[in-house]
Amino acid sequence: LGWIGITHQPQLSFNGGDSITVFGGGFSSKSQFFCRFTPSDIGGSNIYKEEPALVLNLRELLCQTPSWIFASSYATFSLWYLISGNKREVNQLLYPVGSTKVFFEGYPSLLGGNLNGPIRGQHKVTLDGNNFGMVDLTPKVRVGDTSCEFTAWLSSTQLICGIPSKHGVEVIADVIISIGPYRVGSRSKAFTFDGPSVSDIHVMKVNATQKTSEWFTIMGMNFLLYDSSPAARTGGTACETTVWYSTSSMSSKNAAGNQDHLPVHMTVDYSSSVSTLSLSFSFDHPEISSAGVFANALQAGSISLSLWGSDFGIAQMSISARNGGTNSESTRWHSYTSVTIRTVRSGMKTKSAQITLGQSRFSTMTELFTSDGLILSSTKVKNSAYGQLV
């Protein structure tokens with residue numbers, strides 16, 4: 001009984017499962033044989049991997065290679081058999097014992113194709129590739145710099161990864177697969193994260209008041225699984241505060257303003273994970289309700305007239321007014337609900353008033369006040385050569 005050498009394909013994968021044929025003599029089908037692989041860089045023979053051999057005939061055995069995850073890619077081959085309940089090494093003929101070595105090569109690899117998942121995490125993706133192990137070797141997967149929440153082995157070509165939540169500037173990440181500490185494969189920019197997305201804005205009314213802050217709810221998806229100190233802006237102005245509720249909802253308290261159709265920008269963390277919903281937010285226009293107690297002015301103009309209403313702004317900011325079709329001589333802002341205008345000369349009996357904030361926000365109220373017309377108080381008759389003059 002003895003063996004001489006082995007033959008195998010030119011490249012043996014660390015993944016295992018490759019065939020090795022052993023040549024020798026005295027291989028009885030009634031005996032049990034084992035192919036043993038011992039790491040070349042480890043002293044002694046207590047650490048090894050072993051696979052059962054199949055007896056083909058008296059001169060040939062067939063065995064398969066194991067998965068090889070040791071630091072050294074070289075292994076010393078030896079043949080063993082079972083006798084009286086103990087394993088004994090079969091002598092190698094013609095060559096010194098320990099001289100036959102095999103080399104395991106390769107690394108886990110990921111097939112092409114984009115992998116994708118939400119930035120909030122809690123999502124499973126299937127990784128297709130090669131050399132993931134013929135058996136479960138407890139593989140590990142990282143997406144970018146963060147380990148998957150779990151990694152499940154399915155086969156030598158498939159793994160399942162529970163993707164981690166992601167924050168930071170990068171939304172495209174490398175995927176790294178580790179089979180043991182020494183067999184590592186990766187693919188650059190293999191994974192993309194879906195960032196936050198705003199789908200709707202819920203407010204108590206369509207617009208928000210210019211004077212006071214109003215709470216509004218931002219609806220969407222991928223707002224992360226935890227409060228990451230999100231922030232929102234209406235147009236170019238940051239909201240006073242933003243409160244995270246869930247991965248699909250948060251509320252913000254807007255700052256005062258006076259513009260229409262502003263975009264709402266939302267940042268879910270300190271990075272650039274930003275989503276924008278365009279033309280989604282407007283502030284109330286000014287509204288005139290009355291012209292004070294005495295809604296009457298002289299036709300000659302230059303009379304101060306108080307206008308009452310709402311949303312006249314929270315400060316003096318480019319406010320102007322017209323009475324009738326003519327700009328008022330002057331406009332003075334008093335408060336959010338009151339301005340004073342100085343009327344201009346006009347021959348119209350009944351007049352409207354218009355308040356304008358900025359360039360495009362205005363309010364008009366027709367027949368708001370009247371102008372005193374000419375009044376005939378007396379007549380006088382005078383004689384002349386041409387008759388009586390009145």
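These notes cover the structure that comes with them.

Calculation notes
Residues take numbers from 1 onward in each chain, read along the sequence in its written order. It should be noted that, the model being predicted, local features are given only for residues of pLDDT at least 70 and side-chain atom pairs only at 80 or more, the latter also being counted only at that level, while totals for whole chains, interfaces and linings use all residues. To get the side-chain values, all heavy atoms of the structure are used, and hydrogens and water are removed first. A run of H or I in DSSP becomes a helix once it reaches four residues, and a run of E becomes a strand once it reaches two; helices and strands are each numbered from the N terminus. A simple rule labels every residue: compare its accessible area, found with a 1.4 Å probe on the protein chains alone, to the largest value its type can have, and call it buried under 20%, exposed over 50%, or partly exposed in between. By definition in these notes, contact holds between two residues if any of their heavy atoms fall within 4.5 Å. Any pair of nitrogen or oxygen atoms within 3.5 Å is treated as a polar contact; in protein, a donor-acceptor pairing is required on top of that, and neighbouring residues in sequence qualify only through side-chain atoms on both sides. Here, strands pair whenever DSSP counts at least two bridges between them. We call a set of buried Ala, Val, Leu, Ile, Met, Phe, Trp, Tyr and Cys residues a nonpolar core when their side-chain atoms join them within 4.5 Å. Cysteine sulfur atoms that pair up within 2.5 Å are treated as a disulfide. With axes taken as lines fitted to C-alpha atoms, and helix axes fitted only over the stretch in contact, angles between N-to-C directions fall between 0 and 180 degrees. The term salt bridge refers to a pairing of a side-chain nitrogen on Lys or Arg with a carboxyl oxygen on Asp or Glu at a separation within 4 Å.

Some details on the environment of Arg36
Inspection of the secondary structure puts Arg36 in strand E4 (residues 32-39). Residue classification places Arg36 among the buried positions, given a relative accessible area of 6%. Residues Arg36 and Glu51, 15 residues apart in the sequence, show an inter-C-alpha distance of 6.6 Å. Excluding residues within four positions of it along the chain, Arg36 makes contact with Tyr48, Lys49, Glu50, Thr76, Phe77, Ser78, Trp80 and Lys87. At a separation of 2.8 Å, a polar atom in the side chain of Arg36 contacts the side chain of Glu50.

Some details on the sheet that holds strand E14 (residues 146-147)
Pairing within the open sheet is mixed, and its five strands lie in the order E11-E18-E17-E13-E14. The open sheet has two free edges, formed respectively by strand E11 (115-118) and E14, since each of these has just one partner strand. Both strand E13 (residues 140-143) and E14 contribute to a ladder of two bridges, which runs antiparallel. By the bridge assignment, Arg142 is partnered in E14 with Ser147.

Details of the nonpolar core
Counting residues in each nonpolar core, the largest one holds 41 residues, and the members touching the most others are Val22, Phe37, Leu79, Leu127 and Ile177. Residues in contact with Ile177, not counting those within four places in the same chain, are Pro108, Leu110, Leu127, Phe132, Lys140, Val141, Leu159, Arg183, Val184 and Gly185. Among the nonpolar cores identified, the runner-up in size contains 14 residues, and Val198, Ile201, Phe216 and Ala232 belong to it.

Looking at the state of the cysteines
Applying the stated criterion to the full structure yields two disulfides. The partner cysteine of Cys35 in its disulfide is Cys63, sulfur to sulfur 2.3 Å. Across the S-S bond of Cys35 and Cys63 the torsion is about -95°, and the bridge reads as left-handed. Of this pair, Cys35 sits in strand E4 while Cys63 sits in strand E6 (residues 60-64), and the two are 28 residues apart along the sequence. Overall, Cys35 belongs to the buried group, its relative accessible area being 0%.

Here's the deal with the sheet that holds strand E29 (residues 304-310)
The antiparallel open sheet is built from four strands, whose spatial order is E27-E29-E33-E32. Of all the strands in the sheet, just strand E27 (287-290) and strand E32 (330-335) have a single pairing partner and so form its edges. Across this sheet, the average inter-strand angle for adjacent strands is 35°, counted without regard to direction. One ladder, built from five bridges, connects E32 with strand E33 (residues 338-342); its direction is antiparallel. Note that in E33 the partner of Thr331 across the bridge is Ile341.

Overview of the pattern of salt bridges
Taken as a whole and judged by the stated rule, the model has two salt bridges. Linking Lys87 and Glu50 is a salt bridge whose minimum nitrogen-to-oxygen distance equals 2.3 Å. With a gap of 37 residues between them, Lys87 in strand E8 (residues 86-89) and Glu50 in strand E5 (residues 49-57) connect regions that are remote in the sequence. Judged by its relative accessible area of 36%, Lys87 is partly exposed. Overlapping salt bridges, with partners in common, bring together Arg36, Glu50 and Lys87 in one network.

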